[in-house]
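Per-entry structural report
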Amino acid sequence: MIDPTLVDLSRIQFASTVMFHFLFVPLTLGLSFLLAIMETLYVMTGRAIWRRMTIFWGGLFGINFALGVATGVVMEFQFGMNWAYYSQFVGDVFGAPLAIEGLMAFFMEATFVGLFFFGWDRMSKISHLIITWLVAIGSNFSALWILIANGWMQNPVGAVFNPATMRMELQDFGAVVLNPVAQAKFVHTVSAGYVMGAMFVMAVSAWYLIRNRHHDLARRSMVVAASFGLLASLSVAVLGDESGYLTSEHQKMKLAAIEAMWETQPAPASFNLFAIPDQDAKKNYLDIEIPYLMGIIGTRSLTTPILGIDDLVERAKGWVREGLLAYRALQALRADPGDAQAEAQFLKYRHNLGYALLLKRYLPDITQATEADIAQAANSTVPEIAPLYWTFRIMVACGLFFIGFFAYAFWLASTRRLLASPRFWRVALWSLPLPWIAIESGWFVSEFGRQPWVVEGMLPTFYAVSGLQVSDLVISLTIYAILYTILLIVGIKVMLKAIRQGPHDPDPAPAAPAAALPAASRA
């Protein structure tokens, strides 16, 4: 029997370190491509302003990159510290993409980042431009392998459970790499990072215009960010639709929980726009629905129903029973590896072994499980509804705002009205936190919605923790909280100082229309 407090603290510690790290990763992804675009314009036009812009935004990229590296190293330590059985269970599969990310993608990215900063006067324009593009590609390549590993946890393919070693063993690395869930997560996540990079550039540039500083740099930066951000925000919406479709195919309970869908919806299912879900009563209050939309998003058809939570729980009961047959066969195989009958039964039901392990949360000997115990285990497959329901809608609302915001910014840029729109500058400045809110919300939906699994359908979260004392977790969590708070404060101060200083080159004469400058000055 595992102490639930130990499990909760282990989850809180890992979630806090991951979500803190993820404050910096998306901005690195977005800024890296914006740098490449700006330097490409410098090489194509030969105008010094584009070089100046690349160096300035590159400095902010470097600060953010350093913070991302510092916070990312800690996460991998926790696999051995707090999630020892998880590391043993999936190490053969999970270790491969992490090793590739560290040895190939991250080292490549770090090497080219150094050349980017110190190679301006030592390399030709073309050579340095190639380096900048390799920085961008390396950043995204690094994210690819991390998301391949995470995607496998959502949809474990290309590996089988070996009863002799009691762990998952890699069978098809290509299936792991080409896992559709992983690929969809990758393109959706990096597109969200591009939106964050564009919004960051827009907000900082807007601040310069409000302060009547660096008009030439701010105007050009906003033009690039408006175009890049519009494409990125539209991509996020399209790729989010793909993620929703794959969730309905591989993680039906997550989709039902996000929608607070208690009963199976006949085709085509409606999208629950607003409701107040009550998990205890298994009902929603104040339902506002959009007909057909969920059926189109979740199934891409008008004839396929979407299973509700109640029916999914009933299905889980059957899987728990089958998992118990696999568990009994596994016990027999461990006692006698030559037992052919036990081997045949295990091979038949092994895909549901994880559902039997859910019983270990309640029973020391799960072979003695009753129907009431099986029902309890099946009910545990339902995650907390309210946090998922509202967090998902926060993410979607932010996504819709980004499309409208960047479409308007693109129109202003196309009609040369950016410098005559002080109200838009303020909207851009105050919108700066929204990409972080949206991305952290999306990460929460992805990971919290998978509960109670650390590996979907195979390894329960509570079963994956290390055999530590609660006091150990309290001490380490406190240390992490203190260190990360200090790091965040220092990082923000360094970033703000660099923004306030602005580009080191002399600021050219203001290029803004005369009518716009007094308003900006008063602001």
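Anything mentioned here points back to the structure above.
The structure presented is a predicted model; accordingly, all values stated were derived computationally and were not measured.

**Topic: the packing of aromatic side chains**
All chains considered together, the criterion is met by 36 aromatic pairs. Their ring planes at 10° and their centres at 6.3 Å tell us that W145 and F173 sit as a pair that is stacked. Separated by 28 residues along the polypeptide, W145 in helix 5 (residues 125–154) and F173 in helix 6 (residues 173–177) bring together distant segments of the chain. The exposure class assigned to F173 is partly exposed, which follows from its relative accessible area of 31%.

**Here's the deal with the nonpolar core**
Within the largest apolar cluster, 160 residues are counted, with the highest numbers of intra-cluster contacts made by W57, Y86, W152, F200, F406 and F424. A total of 18 residues in this core trace back to one element, the largest contributor, which is helix 7 (residues 180–210).

**Points about unusual backbone geometry**
A267 connects to P268 through a cis peptide bond whose omega is -10°. Here P268 shows up in the loop between helix 9 (252–258) and strand 3 (271–278). In this model, Q451 is joined to P452 through a cis peptide bond whose omega is 15°. Phi is positive for H214, which is not a glycine, with a value near 50°. One can find H214 in the loop between helix 7 and helix 8 (215–250). Using a relative accessible area of 5% as the deciding quantity, one classes H214 as buried.

**A few points about the environment of P156**
Of note, P156 is situated in the loop between helix 5 and strand 1 (159–162). Sequence separation between P156 and L170 is 14 residues; the distance between their C-alpha atoms is 10 Å. Those residues in contact with P156 that lie beyond four places of it in its chain are V455, E456 and M458.

**Topic: the pairing of strand 2 (residues 167–170)**
Consecutive side chains along a regular strand alternate between the two faces of the sheet. With four bridges connecting them, strand 1 and strand 2 associate as antiparallel partners. Residue pairing for strand 2: N162 is matched across the bridge by R167.

**Comments concerning the pairing of strand 4 (residues 283–290)**
Here strand 3 pairs with strand 4 via six bridges, running antiparallel. Bridge assignment links F271 to a residue of strand 4, and that residue is I290. Taking the residues that link successive antiparallel strands as the turn, the strand 3-strand 4 hairpin has four residues, and the phi of K282 there is positive, at about 55°.

**Concerning the pattern of salt bridges**
In total, this model carries nine salt bridges according to the counting rule given. Here R219 and D216 are joined by a salt bridge, their closest N and O atoms 3.4 Å apart. Within this pair, R219 and its partner D216 are both found in helix 8, separated by three residues, close to a single helical turn. On the basis of relative accessible area, R219 is assigned to the partly exposed category, the value being 25%.

**Overview of the environment of L67**
For L67, the location among the structural elements is in helix 3 (residues 48–81). Accessibility expressed as a relative area gives 10% for L67, which makes it buried. A C-alpha to C-alpha distance of 8.5 Å links L67 and L488, two positions 421 residues apart in sequence. If near-sequence neighbours (up to four positions away) are discounted, L67 is found in contact with F24, L487 and G491.

**So, the packing of helix 2 (residues 25–45) against helix 5**
Each packed pair of helices is defined by two parameters, the angle between the axes and the distance between the axes. Orientation of helix 2 relative to helix 5, taken along the N-to-C sense of each, is 160°, at an axis distance of 9 Å. Of the possible angle classes, the one that applies to helix 2 and helix 5 is roughly antiparallel. Between helix 2 and helix 5 lies a crossing whose hand is left-handed. Counted together, T28, L29, S32, F33, L35, A36, I37, E39, T40, Y42 and V43 of helix 2 and K125, I126, H128, L129, T132, W133, A136, S139, N140 and A143 of helix 5 form the full contact between these two elements. Taken together, the residues of the contact of helix 2 with helix 5 sort by class into twelve nonpolar, seven polar and two charged.

Each value, and the rule that gives it
Residues numbered from 1 in each chain as written. Predicted model: local features only at pLDDT ≥ 70, side-chain atom pairs only at ≥ 80, totals over all residues. Heavy atoms only, no water. Phe/Tyr/Trp six-rings, centres within 6.5 Å; stacked < 30°, edge-to-face > 60°. Helix = DSSP H or I, 4+ residues; strand = E, 2+ residues; numbered from the N terminus. Buried < 20%, exposed > 50% of the residue type's maximum accessible area, 1.4 Å probe, protein only. Core = buried A, V, L, I, M, F, W, Y, C linked by side-chain atoms within 4.5 Å. Contact = heavy atoms within 4.5 Å. Pairing = 2+ DSSP bridges. Salt bridge = Lys/Arg side-chain N within 4 Å of Asp/Glu carboxyl O. Axes fitted to C-alpha atoms, helices over the stretch in contact; angles between N-to-C directions. Parallel < 35°, antiparallel > 145°, perpendicular 65-115°, else oblique. Left-handed = near helix turned anticlockwise from the far one by under 90°. Nonpolar A, V, L, I, M, F, W, Y, C, P; charged D, E, K, R; others polar.

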